[in-house]
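# A structural walkthrough
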Amino acid sequence: MIEINGKLQAFRMGDKSHPKAKEIYKELERLEIRLKEVGFVPDMGSVLHDVDKEDREETLCVHSERLAIAYGLISTLPGTTLRIVKNMRACVNCHSATKLISKIVDRKIVVRDANRFHHFKDGVCSCGDYW
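Presented here is a report on the structure given in the accompanying data block. (Residues numbered from 1 in each chain as written. Predicted model: local features only at pLDDT ≥ 70, side-chain atom pairs only at ≥ 80, totals over all residues. Heavy atoms only, no water.)

## With respect to the pairing of strand β4 (residues 109-112)
Note: strand β3 (residues 82-85) against β4, 4 bridges, orientation parallel. Residue pairing in the sheet places Leu82 in a bridge with Ile109 of β4. What joins β3 to β4 is helix α4 (residues 92-104), and the crossover it makes is right-handed. In this antiparallel pair of consecutive strands, β4 and strand β5 (residues 117-121), the connection spans 4 residues. (Pairing = 2+ DSSP bridges. Helix = DSSP H or I, 4+ residues; strand = E, 2+ residues; numbered from the N terminus. Right-handed = clockwise from strand over helix to strand, strands pointing away.)

## Quick word on the pattern of salt bridges
Summed over all chains, the structure comprises 4 salt bridges. Here Glu27 and Arg30 are joined by a salt bridge, their closest N and O atoms 2.5 Å apart. Here Glu27 pairs with Arg30, and both are found in helix α1 (residues 21-37), just 3 residues apart, close to one helical turn. Using a relative accessible area of 9% as the deciding quantity, one classes Glu27 as buried. Using a relative accessible area of 35% as the deciding quantity, one classes Arg30 as partly exposed. Salt-bridge contacts for Lys86 lead to Glu65; the nearest nitrogen and oxygen are separated by 2.8 Å. Placement of Lys86 in the loop between β3 and α4 and of Glu65 in helix α3 (residues 64-75) is noted, with a sequence separation of 21 residues between them. Overall, the relative accessible area of 2% leaves Glu65 in the buried class. (Salt bridge = Lys/Arg side-chain N within 4 Å of Asp/Glu carboxyl O. Buried < 20%, exposed > 50% of the residue type's maximum accessible area, 1.4 Å probe, protein only.)

So, in structure tokens, the structure goes:
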């Protein structure tokens, strides 16, 4: 979930029901390209093993917090801190990706998951990668 202009926006994994789904997914694609350019390798341990590699990578990049980040990026001015709330613990892959995204887009991203607050900035998380 992310709040933009006083309105809460909720996302589920793979959600395409949002009115701006097309723009959100376009931003996700752009982020994935930039992540790969800086050497990000998805952690496949966060996905079911009976899915082929391409589908596993796609599944990882449409987790709820990644959708919320993409929506926040297209809905706010550069430099705006993104604040996201999850009802579950963040997966290892999303945690690593969010660190890099914070550096790539030069934004502070705060994610509150089921266990703690994660403050991502310049490619580093406040939890020290312990969560």
